[in-house]
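Examining the three-dimensional arrangement
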Amino acid sequence: MKKFIGLLVVVSLSAFATEPSPTAKVSKLMSYAEYGGGDLVFVLETNGSICKSGYYLKKTDPGFEAGLSMLLSAYHAKTPIRVDGHTDQRWAGSSGYFCHVYDIGLGY
């Protein structure tokens, strides 16, 4: 039973692989009017080692509007943020490595 629980934990963690970015300011925001129905891509002054090109939000993400609001606020106020990106969900709209956003945090 202990082996089963240990295996379950390892499988669960590997299926939910995220990488936290360094705490950094938003340096670039790009909105794609047609690609993905309105995907938003952004870059930090320092991105993560796997999410080295930046991060993206899909227009269809339930938290898209909240994420966009936080990003615009942080960008204009020049406030550092931290992003957790799904390393296994790369944006198909670029040859770079943009990770799908899991969460965005202010106040780090």
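The structure displayed is predicted, hence computed values, not measured ones.

**Digging into helix α2 (residues 64-77)**
Think of an α-helix as turning once every 3.6 residues; residues three or four places apart then point the same way. Under the 1.5 Å per step criterion, the end-to-end length of α2 is 20 Å for 14 residues, consistent within 8% with the ideal 20 Å. Among the residues making up α2, those that are buried are Phe64, Gly67, Leu71 and Ala74. For α2, the angular spread of the buried residues around the axis is 105°, confining them to a single face. Pointing more than 90 degrees away from the buried face of α2 are the exposed residues Glu65, His76 and Ala77. Check the buried side of α2 and you find it contacts β2 (26-31), β3 (40-44), β4 (54-57), β5 (81-90) and β6 (98-106). Lys78 sits one or two positions beyond α2 and adopts a positive phi of about 55°.

**Remarks on the environment of His100**
With respect to the helices, strands and loops of the structure, His100 is situated in strand β6. In this structure the C-alpha to C-alpha distance between His100 and Lys58, which are 42 residues apart in sequence, comes to 8.0 Å. Those residues within four positions of His100 in sequence are excluded, and the remaining contacts are Tyr56, Lys58, Asp61, Asp84, Gly85, His86 and Gln89. Within polar-contact distance, the side chain of His100 engages the side chain of Asp61 at 2.8 Å.

**Observations concerning the environment of Ile81**
Topologically, Ile81 is positioned in strand β5. In contact with Ile81, other than residues within four places in its own chain, are Ser21, Pro22, Thr23, Ala24, Val26, Leu44, Leu71, Ala74, Ile104, Gly105 and Leu106.

**Comments concerning the packing of aromatic side chains**
Describing an aromatic ring pair means giving the distance of the ring centres and the angle of the ring planes. Taken as a whole and assessed by the stated rule, the structure comprises 5 aromatic pairs. With 5.9 Å between their ring centres and 80° between their planes, Trp91 and Phe98 make a pair best called edge-to-face. Members of the aromatic cluster, each reached through a chain of ring pairs, are Tyr32, Tyr35, Tyr56, Trp91 and Phe98.

The rules behind the values
Residues numbered from 1 in each chain as written. Predicted model: local features only at pLDDT ≥ 70, side-chain atom pairs only at ≥ 80, totals over all residues. Heavy atoms only, no water. Helix = DSSP H or I, 4+ residues; strand = E, 2+ residues; numbered from the N terminus. Expected span 1.5 Å × (residues − 1). Buried < 20%, exposed > 50% of the residue type's maximum accessible area, 1.4 Å probe, protein only. Arc of directions from axis to C-beta. Contact = heavy atoms within 4.5 Å. Polar contact = N/O pair within 3.5 Å; in protein donor to acceptor, adjacent residues only side chain to side chain. Phe/Tyr/Trp six-rings, centres within 6.5 Å; stacked < 30°, edge-to-face > 60°.

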